Amino acid sequence: MEDNEICEVIIPVTERFTVRWEKGIQLDAKVRKDKRLGFYKMVGEEKEILIKSPCTGKIIFLETPSEELTSQKVCVIERCKHDVVTHGLCTFCGAKPTEMTNQYVGFVDRNFAISDNKAQEIYSELESRILTEKKLFLVLDLDNTIIHAFLFQKGDNMLSLEEVQNYEDIYVLELPPEKYLVKLRPYLKEFLEGVRKNYMIYVYTKGTRQYAEAILKLIDPKEEMISKERLITRDEMEGNDFKSLRKLIYDGSLALILDDSPSVWGPIKNLIFTKPFYYFEDKDNKIIVRRKVDAFLFFIQHLLNSIHEIFYQLYVKNIKIPIHEIYHGYRQNLFVEEDISFYNFFQNEEEMKKSRESNILTKLGGKVSFEPSKETTLIFSRASKKLKTCPFENIPIVSLWYISYCEMFCTRLPVQYFDLRDKQNQIVVLEKAMKEIYLSKTNNADNDRPKPEKLEKPEESEANNDKLNAIKDTIEEILVKNFVPNDTIDKRIKEKIIIDIELKRKNKRKADEALEQNSTEAK
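Sequence order as written defines residue numbering, which begins from 1 separately in each chain. Given that this is a predicted model, residues contribute local features only at a pLDDT of at least 70 and side-chain atom pairs are listed and counted only at 80 or more, while totals for whole chains, interfaces and linings are drawn from all residues. Think of the side-chain values as coming from all heavy atoms in the structure, minus any hydrogens and water.

**Q** Sorry if this is basic, but what is going on with the overall build of the protein here?
**A** Runs of H or I in DSSP of at least four residues are treated as helices and runs of E of at least two as strands, each being numbered from the N terminus. Each helix and strand counted, the protein has 12 helices and 25 strands in total. Accessible area is worked out with a 1.4 Å probe on protein chains only. A residue is then buried under 20% of its type maximum, exposed over 50%, and partly exposed in between. Looking at the 523 residues of the protein, the share that counts as buried comes to 47%. The contact rule is simple, with two residues in contact once any of their heavy atoms fall within 4.5 Å. Long-range pairs, those at least 24 residues apart, make up 66% of the contacts in the protein between residues at least 6 apart in sequence. What sets the accessible areas is the Shrake-Rupley method with a 1.4 Å probe; for residues, cover comes only from the shown protein chains. By element, 47% of the accessible surface of the protein is carried by carbon and sulfur atoms, the whole surface being about 28100 Å².

Written out as structure tokens, the structure reads:
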């Protein structure tokens, strides 16, 4: 600690003396400048002389009062670090800190900030409590992540209240002079109930505090799952366009984020891919329902609880890692131990290797080959008559929509719902109808290679858009209705993630030991 960060209480005598401290004067006690600390007197004399604090701060050294002393230094005070600042002034000493930039973390209110050191101290206590309770942190955005709010404009023919009542979880929210039509994302309440036991939930939105608190009141009126104390809004962002985890929990190693706008976070690894949620649409000054079904939160709940399980399986082994590593490990092992091939799809192996489909499957952990073999466990193909001649009868053959939905929901979905051999399969029938809509507009056979969440095309007619949305609704409805977690695949993915993390930790320890040994030898 530098000299200018402390001040010493020196007794100006050379003979023996004793000290008597006032009540409350002890180690770690905070004192203001000129506060009465106690008294000292020379041995053999009765007269006591007052000792005052030379500065404002915290006591870090204090001589024992019962002994005869010869050392002149009887007390050391660490100067006030202005850990808590409100309206630009330190709440303890009243001074105005000279630096209010990177050293401070805004918190709850734009006029209230805490120092970086204090933030670390608070987070350390919070982290200790979270780990004791076996929880993690989850940060949720509001708009287009867990709700869709449609701002009612003059001239809009708003859905009547009777129509609104026919739909679940739709509310009219009035914040004069503005009026909103609000739809909670499907499965939101089940999602919150399902993750609350494993996560402490925060909300971080670029909406105003008045707006955000009104939305939270619709979602959780009793604040049983989301507290307003764990809410950050535009009002606290001080004009900053970017969101920062430091405003919430300082350290993001135990946090995951659901937000449909990755750009507002800048470069960050904690963000889970979040499918944007749009429910309403303005059509000829009339507000209509765009999409009725959305399965994202249904499947992400399963993912989050799996991540929690893996984290604490490692934690009991004294392995504590940032949970975003587990999330990315989960994505990278989604198709672990799957030997994947294409049938009647690419002209040659070079075309396959350069394809988007092959790259996605490789990133999701699959082993990709050009042609099916005895080792093949899953085949991707187009729906065509040539499937009848495929010699691999016992290997599932699915369309590329299977990749899209598995990637979107970060979940291994049952292959049977995408089985191209089953002509009665509902999803296959819907895929065929969707393909026909595309072909009717483009006459391009390549359109059966879907891209996740890029189905709508500018040139499609409104009628075709309505049909496509209805098909997507039906597909997601089927997936939710028939979904049963595959314990075998889940176990395989979790085991692979744990093995990879333990191996990575072991290799790092070996590298550190080798580096230390080389450093020792060099000396």
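**Q** I keep staring at unusual backbone geometry and nothing clicks. Help me out?
**A** Following Pro176, the chain continues into Pro177 via a peptide bond in cis, with omega recorded as 10°. Along the polypeptide, Pro177 turns up in the loop between β14 (170–175) and β15 (178–184). Phi at Asn144 takes a positive value of approximately 65°, unusual for a residue other than glycine. Structurally, Asn144 can be placed in the loop between β12 (136–140) and β13 (147–151).

**Q** In this structure, what is going on with the sheet that holds β12? I would like to understand it.
**A** Backbone-to-backbone hydrogen bonds join strands into a sheet, with any given pair of strands oriented parallel or antiparallel. One bridge is not enough; two strands pair if DSSP finds at least two bridges between them. The strand order across the open sheet built from five strands is β17-β16-β12-β18-β19, with neighbouring strands paired in parallel fashion. Both outer strands of the open sheet, β17 (231–232) and β19 (271–272), are each paired with one neighbouring strand and no more. Here strand β16 (residues 199–204) runs beside β17; their pairing, made up of two bridges, is parallel. Its bridge partner lying in β17, Tyr204 is registered against Ile232. Lines are fitted to the C-alpha atoms to define the axes, a helix being fitted only along its stretch in contact, and any angle between axes, read from their N-to-C directions, falls within 0 to 180 degrees. Sitting on the sheet, helix α5 (residues 296–315) touches β12, β16, β18 (255–258) and β19, and the angle it makes with β18 is about 170°.

**Q** So what exactly am I meant to see when it comes to the state of the cysteines here?
**A** Covalent bonding between the sulfur atoms of two cysteines defines a disulfide. Disulfide: a pair of cysteine sulfur atoms within 2.5 Å of each other. For the structure shown, the criterion picks out one disulfide. In this model, Cys7 is linked to Cys55 through a disulfide, with the two sulfur atoms separated by 1.8 Å. Taken together, the residues Cys7 in strand β1 (residues 6–10) and Cys55 in the loop between β5 (49–52) and β6 (57–62) connect sequence positions 48 residues apart. Here Cys7 and Cys55 have matching classes, each one buried. Between Cys90, a cysteine without a disulfide, and Cys80, which holds the nearest cysteine sulfur, the sulfur-to-sulfur distance is 3.7 Å.

**Q** Which parts of the structure should I look at to understand the packing of α5 against helix α12 (residues 487–522)?
**A** Think of two packed helices as two axes; the pair is described by the angle between the axes and how far apart they sit. Packing of α5 against α12 brings their axes to within 11 Å, and their N-to-C directions diverge by 45°. Judged on the interaxial angle alone, α12 and α5 are oblique. Considering how the two elements wind past one another, α5 and α12 form a crossing that is right-handed. Facing His302, Ser306, Glu309, Ile310, Gln313 and Leu314 of α5, the residues of α12 in contact are Asp490, Lys494, Ile497, Ile498, Ile501 and Glu502. Only Asp, Glu, Lys and Arg are considered charged in this grouping, and only Ala, Val, Leu, Ile, Met, Phe, Trp, Tyr, Cys and Pro are considered nonpolar; every other residue, Gly among them, is considered polar. Looking at the contact of α5 with α12, its residues break down into five nonpolar, three polar and four charged. Between 65 and 115 degrees an angle is taken as roughly perpendicular, under 35 as roughly parallel, over 145 as roughly antiparallel, and anywhere else as oblique. When the near helix sits turned anticlockwise from the far one by under a right angle, the crossing is termed left-handed; a clockwise turn instead gives a right-handed crossing.

**Q** Got a minute to help me understand the side chain of Asn305 in this structure?
**A** If you trace the backbone, Asn305 turns up in helix α5. Within the structure, Asn305 has its side chain in polar contact with the backbone oxygen of Gly194 (distance 3.2 Å). Polar contact criterion, stated in full: a pair of N or O atoms within 3.5 Å, where within protein one must be able to donate a hydrogen and the other to accept it, and residues adjacent in sequence count only if both atoms are side-chain atoms.

**Q** I tried to follow the confidence of the model for the protein on my own but got confused; where do I start?
**A** In low-pLDDT segments, the atomic positions of the prediction should not be examined closely. Per-residue confidence from the prediction method is given by pLDDT, with values spanning 0 to 100. In the predicted model, the protein carries a mean pLDDT of 85, and the fraction of residues at 70 or more is 89%. Here residues 444–460 is a poorly scored stretch, pLDDT under 50, and it has 42 contacts once near neighbours within four places are set aside; other chains count.

**Q** Looking at this structure, I do not really get helix α4 (residues 209–219). What am I missing?
**A** Across the 11 residues that make up α4, a large majority, eight, are buried. Restricting attention to buried positions, one finds in α4 the residues Arg209, Tyr211, Ala212, Ala214, Ile215, Leu216, Leu218 and Ile219. Elements that come into contact with the buried residues of α4 comprise β13, β14, β15, α3 (188–195), β16 and β17.

**Q** Help me understand the pairing of strand β22 (residues 339–343), please; the structure alone is not making it clear to me.
**A** Consecutive side chains of a regular strand alternate in pointing toward one face of the sheet and then the other. Most of β22 is tucked away, with five of its five residues classed as buried. Direction of pairing for β22 relative to strand β23 (residues 367–369): parallel, over a ladder of three bridges. Counted as the bridge partner of Asp339 is Lys367 from β23. Pairing of β22 with strand β24 (residues 378–381) involves four bridges; the strand directions are parallel. Looking across to β24, one finds that Tyr343 is bridged to Ser381.

**Q** Is there a simple way to think about the pattern of salt bridges in this case?
**A** Pairing is possible between side chains of opposite charge, provided their charged atoms come close. We define a salt bridge as a contact between a side-chain nitrogen of Lys or Arg and a carboxyl oxygen of Asp or Glu at a distance within 4 Å. Under the counting rule described, the total for this entry stands at 28 salt bridges. Across the pair Asp512 and Lys508 runs a salt bridge, and its minimum N-O distance is 3.1 Å. One end of the pair, Asp512, and the other, Lys508, are both in helix α12, four residues apart, so they sit about a helical turn from each other. Classification of Asp512 by relative accessible area gives partly exposed; the value is 37%. Salt bridges linked by common partners bring Arg185, Lys275, Arg291, Asp294, Asp473 and Glu476 together as one network.

**Q** Looking at this structure, how should I read the packing of α5 against helix α6 (residues 323–332)?
**A** At a closest axis distance of 10 Å, the pairing of α5 and α6 adopts a crossing angle of 120°. With respect to α6, the axis of α5 lies oblique. Between α5 and α6 lies a crossing whose hand is right-handed. Here α5 contributes His302, Leu303, Ser306, Ile307, Ile310 and Phe311 to the contact with α6, which in turn contributes Ile323, Ile326, Tyr327 and Tyr330. Partitioning the contact of α5 with α6 into residue classes produces eight nonpolar, two polar and no charged.

**Q** Can you walk me through the nonpolar core in this structure?
**A** Note on soluble globular proteins: their nonpolar side chains tend to be buried together. If you look at the biggest cluster of nonpolar residues, it comprises 113 residues, and the most contacted ones within it are Phe137, Ile147, Phe191, Phe380, Leu413 and Phe418. No other element matches the 11 residues that α5 contributes to this core. Apart from the residues lying within four places of it in its own chain, the contact partners of Phe380 are Ile340, Ser341, Phe342, Tyr343, Leu361, Val398, Ser399, Leu400, Tyr402 and Ile403. Among buried residues, the Ala, Val, Leu, Ile, Met, Phe, Trp, Tyr and Cys ones that are joined through side-chain atoms within 4.5 Å form a nonpolar core. Grouped together as the second largest cluster of nonpolar side chains are 21 residues, Val19, Ala29, Leu62 and Cys75 included.

**Q** Would you take a moment to explain the sheet that holds β14 for this structure?
**A** Pairing is antiparallel across the open sheet formed by three strands, whose spatial order is β13-β15-β14. With one partner strand each, in any of the chains shown, β13 and β14 form the two edges of the open sheet. Neighbour-to-neighbour, the strand axes of the sheet open up by a mean angle of 25°, direction not taken into account. Alignment of β13 against β15, held across five bridges, turns out to be antiparallel. When the sheet's bridge partners are listed, Ala149 is paired in β15 with Val182. The strands touched by α4 within the sheet are β13, β14 and β15, with β14 carrying the most contacts at an inclination of about 150°.

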